[in-house]
There are 2 protein chains.
Amino acid sequence: MRDELTHAVEDYLKTIYDLSLTHGRASTTQIAEVLEIAPASVTGMIKRLSTTRPPLVEYIKHRGVILTPEGERVALEIIRHHRLLELFLYETLGYSWDKVDAEADRLEHVISEEFEARIAEALGDPTHDPHGDPIPDKNLLMPSHAKLSLREMRPDQCGTIQRVRDNDPDLLRYLSEQGIVPQAHFIVTGYTPFDNNITILVDGQPKAVVLGPRITRQIFVEQENG
Amino acid sequence: MRDELTHAVEDYLKTIYDLSLTHGRASTTQIAEVLEIAPASVTGMIKRLSTTRPPLVEYIKHRGVILTPEGERVALEIIRHHRLLELFLYETLGYSWDKVDAEADRLEHVISEEFEARIAEALGDPTHDPHGDPIPDKNLLMPSHAKLSLREMRPDQCGTIQRVRDNDPDLLRYLSEQGIVPQAHFIVTGYTPFDNNITILVDGQPKAVVLGPRITRQIFVEQENG
DNA sequence: GACAAAATTTAGGCTAGCCTAAATAAGGAT
DNA sequence: ATCCTTATTTAGGCTAGCCTAAATTTTGTC
Ligand SMILES: [Mn+2]
Ligand SMILES: [Mn+2]
Ligand SMILES: [Mn+2]
Ligand SMILES: [Mn+2]
C-alpha cells in the first residue's frame, strides 16, 4: 500500500501526532523545537507532506498542520514500532528504562513488519511500553490511557502511576530511584500553592518526595476513588 | 573516536572489504554491481572516501581501491554488527536463515555499541553467523574460516559444510531443504568434468544431490583427511 | 603496435533535507 | 485602529547521493 517514506518524514509525522494530542493543531515552531531543526525547514517539509498523494497532513498557512487519516496511520505504525522496541530492549535485552527511547528512535524506521510481529509475539502482544505509554495494536488501535496528570492531584488523594514522559533520561533515572514507576501506588501528602509543589508517598518507599510542577506535569496517574 | 558515518559510506566500506578478500583490489564496476548503483556514482563516492581525514580507502585512478587501516576498522565494525544481528534474528527471534541478511543490512547501521554488546552477550559471544560466516570479536579480530570451496572437492573425499554465501534467499532455502547447512557432514560421490557438477551425499539425508558450479562455488567446506 | 571493446571518469543535473537572513503575517496591548 | 512582538514563510544556498550522457583511459586481440 504505502511505499517507502524517509526516516525524516516518519519523525515529522510521529511528532505531529504527539503534538496534536495535547495542542490540537501542530505549529511550525513546536515541530521545529521537538525535532531540533530550524522553523524554516519545517515549513518546507510540511508543504511537501501536504502535497503528496495521498496527503499526509492538512496544512493551512500560518495555522500549522493536522494529520490526515493516512498521515495518522503512518504515525501510529511508527509509534507501534517505537514502543514495541522500547519494551523489547527493556524486557529482552535488559536495557534500563532511560536508554530505550534513544535506541528505539533509530530502530523504529528500519525494522520490517516481520520484526514487528515477532517481537510483539515474543512480548505477548503488550499494551504498554516501559514508561506506561500505550502501544497501538496490530490494527493500530490505541489502548485507552490515563490523561490525569499528577499535577492536578491534592493531599489525601491516592492512585497509581500510569505513565511517565520518556524524553528525559536524567529525569527517568531520578524517578525510578524514588520508586516512581508505572503501577506504583502512592498517596498525596502535601501541596503548596504558588510553586505548585506536590508531595507524594510511594508505597514501599521510606520517605515522601516533593515534586515540582515541571516534574508532575510529566507524570500521568489513575486516581482512586476514596 | 570515529564520528558518524552515513549508512551509504558504511555499505561501501563493507562491500570493499568483501571484494578485497577475493579480488585483492575492489574495482569501480564490482562495487557498482554489488551496491546496484551506477559506476559513475561509485567513482564519486570513492573519491570522497579517499580524501576524508583519515582516509578510508586508498584510491588509484582507474585501478580501484583498497581499504586503509581505518577503513578496515569501520568495515569490520559493521560486519560484526551484521553477523551478530543475523544470529540474533535467527536464534532469538526465530527468523529463517534466508531472511536474516536483508533485515540485518538495515539494522547494522543504527544499533548502538550497547545493543551490539547486549546481543553478543545474550548469544554467548558467538564466532559464526547462521551461514557460517565468521564474526569479528570485540576487538575486531576475525576468526579463521574455511576457504576451500566445495567446487574443488572430488569423489570419495569427505568433509563438513562450513559456510554458505548468504546473498541469495532462494538458494539458501533450497540448500537447507537438502540438509546443506553449516556443520553438516558429507561425502562426495560424483564429479563430472566440463559441466563441473559435483554429487554429494549429506549425512542423514535420503538421497545424494547433484550441484552445479554456480552453487558449489558458494559453499565452503573443511575437508577431512581420509 | 594499432584498434576496438570494456572500464572508468568527467560533466551536468536532480531530490531530500537541512541552513541563514530577510520579508511578511498574526496577535496582543494600548 | 495602530504598533510592536512573535510566528511563519520566502529566498537563496549547501551537502549527500544518486542519475545519464559523453569523454577518456585501459586492455585484450590481431
Ligand atoms: Mn525516529
Ligand atoms: Mn516510551
Ligand atoms: Mn547495509
Ligand atoms: Mn551471513
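Residues numbered from 1 in each chain as written. Chains lettered and ligands numbered in written order. Predicted model: local features only at pLDDT ≥ 70, side-chain atom pairs only at ≥ 80, totals over all residues. Heavy atoms only, no water.

*Asks:* Looking at this model, I keep getting lost on the overall build of chain A. Mind explaining?
*Replies:* Helix and strand counts for chain A come out as eight helices and eight strands. Its C-alpha radius of gyration of 19 Å places chain A within 12% of the 17 Å reference for a compact globule of 226 residues. With the C-alpha coordinates aligned to their principal axes, the bounding extent of chain A is approximately 55 × 45 × 30 Å. Counting across all 226 residues of chain A, residues that qualify as buried make up 46%. When the accessible surface of chain A is totalled, it reaches about 11600 Å², and 51% of it is carbon and sulfur. (Helix = DSSP H or I, 4+ residues; strand = E, 2+ residues; numbered from the N terminus. Rg over C-alpha atoms; globule rule 2.2 N^0.38 Å. Buried < 20%, exposed > 50% of the residue type's maximum accessible area, 1.4 Å probe, protein only. Areas by Shrake-Rupley, 256 points an atom, 1.4 Å probe, with all protein chains shown as cover.)

*Asks:* Looking at this structure, I do not really get the nonpolar core. What am I missing?
*Replies:* Generally speaking, soluble globular proteins have nonpolar side chains that are buried together. Of all hydrophobic cores here, the largest spans 34 residues; its most connected members are Phe-115 of chain A together with Phe-115 of chain B. Among the secondary structure elements, those contributing two or more residues to this core are helix H4 (69-91), helix H5 (100-107) and helix H6 (113-122) of chain A together with helix H4 (69-91), helix H5 (100-107) and helix H6 (113-122) of chain B. In this view, Phe-115 of chain B contacts Leu-89, Leu-93, Tyr-95, Glu-103 and Leu-107 of chain A together with Leu-85 of chain B; residues no more than four positions away in its chain are not counted. (Core = buried A, V, L, I, M, F, W, Y, C linked by side-chain atoms within 4.5 Å. Contact = heavy atoms within 4.5 Å.)

*Asks:* What is the right way to look at the packing of aromatic side chains in this model?
*Replies:* Counted under the stated rule, the structure contains three aromatic pairs over all chains. With centroids separated by 6.4 Å and ring planes inclined at 75°, the aromatic side chains of Phe-88 of chain A and Phe-115 of chain A adopt a geometry described as edge-to-face. In this pair, Phe-88 of chain A is assigned in helix H4 and Phe-115 of chain A in helix H6, connecting sequence segments 27 residues apart. Comparing Phe-88 of chain A with Phe-115 of chain A shows no difference in burial state: the two are buried. Note on Phe-88 of chain A and Phe-88 of chain B: the rings are 6.1 Å apart at their centroids and 65° apart in plane angle, and the pair reads as edge-to-face. Of this pair, Phe-88 of chain A sits in helix H4 while Phe-88 of chain B is found in helix H4, placing the two residues in two different chains. (Phe/Tyr/Trp six-rings, centres within 6.5 Å; stacked < 30°, edge-to-face > 60°.)

*Asks:* In this structure, what is going on with the interface of chain A and chain B? I would like to understand it.
*Replies:* Accessible area lost upon the coming together of the parts is a frequently used measure of interface size. The interface is formed by 17 residues belonging to chain A together with 17 residues belonging to chain B. Carbon and sulfur atoms supply 63% of the area that chain A and chain B bury against each other, a total of about 1600 Å² over both sides. On the chain A side of the contact with chain B, Leu-93, Val-110 and Arg-118 of chain A bury the most area, a combined 33% of that side's loss. Joining chain A to chain B, the criterion identifies two salt bridges. The interface formed by chain A and chain B includes ten residue pairs in polar contact (both at pLDDT 80 or more). Every element with two or more residues in the side of chain A that touches chain B is listed here: H4, H5 and H6 of chain A. (Buried area = accessible area lost by both parts, 1.4 Å probe. Salt bridge = Lys/Arg side-chain N within 4 Å of Asp/Glu carboxyl O. Polar contact = N/O pair within 3.5 Å; in protein donor to acceptor, adjacent residues only side chain to side chain.)

*Asks:* What exactly am I supposed to notice about the packing of helix H1 (residues 7-23) of chain B against H4 of chain B here?
*Replies:* Packed helix pairs are characterised by how far apart their axes lie and by the angle those axes make with each other. Residue and element names in this part refer to chain B. Interaxial distance between H1 and H4 falls to 8 Å at its minimum, and their mutual angle equals 95°. Viewed along their axes, H1 and H4 adopt a mutual orientation that is roughly perpendicular. Across the interface between the two elements, Glu-10, Leu-13, Lys-14, Tyr-17 and Asp-18 from H1 touch Gly-71, Glu-72, Val-74, Ala-75, Leu-76, Ile-78, Ile-79, His-82 and Arg-83 from H4. Of the residues that constitute the contact of H1 with H4, the class distribution is seven nonpolar, two polar and five charged. (Axes fitted to C-alpha atoms, helices over the stretch in contact; angles between N-to-C directions. Parallel < 35°, antiparallel > 145°, perpendicular 65-115°, else oblique. Nonpolar A, V, L, I, M, F, W, Y, C, P; charged D, E, K, R; others polar.)

*Asks:* Explain the coordination of the manganese ion (ligand 2) here, please?
*Replies:* Geometrically, a metal with four donors at the corners of a regular tetrahedron has ideal angles of 109.5 degrees, and one with six donors at the corners of a regular octahedron has ideal angles of 90 or 180 degrees. Residues and elements named next belong to chain A. Coordination of the manganese ion (ligand 2) by the protein comes from Glu-86 (OE), Asp-129 (OD), His-131 (ND1) and Asp-166 (OD), over a distance range of 2.2 to 2.5 Å. Here the donor residues of the manganese ion (ligand 2) share one chain and are spaced in sequence as E-x42-D-x1-H-x34-D. Taken together, the residues span a long stretch of sequence, with Glu-86 in helix H4 and Asp-129 in the loop between H6 and strand S3 (148-149) at a distance of 43 residues. Of the two residues, Glu-86 and Asp-129, neither departs from the other in class, the shared state being buried. (Donors = N, O, S within 2.8 Å, 3.2 Å for Na, K, Ca; no water.)

*Asks:* Honestly, the pattern of salt bridges in this entry has me stumped. Any pointers?
*Replies:* Pairs can form between side chains of opposite charge once their charged atoms are near each other. In total, this model carries 24 salt bridges over all chains according to the counting rule given. Glu-116 of chain A serves as the salt-bridge partner of Arg-80 of chain A, at 2.8 Å between the closest nitrogen and oxygen. You can see Arg-80 of chain A sitting in helix H4 and its partner Glu-116 of chain A sitting in helix H6, a full 36 residues away along the chain. The residues Arg-80 of chain A and Glu-116 of chain A share a single accessibility class, namely buried. Close ionic contact of Arg-118 of chain B with Glu-114 of chain B constitutes a salt bridge, the shortest N to O distance being 2.8 Å. Note that Arg-118 of chain B and Glu-114 of chain B are positioned in helix H6 at a spacing of four residues, about one turn of the helix. On the accessibility criterion, Glu-114 of chain B (23% relative accessible area) is partly exposed. Connected through shared salt-bridge partners, Lys-14, Asp-105 and Glu-108 of chain A make up one network.

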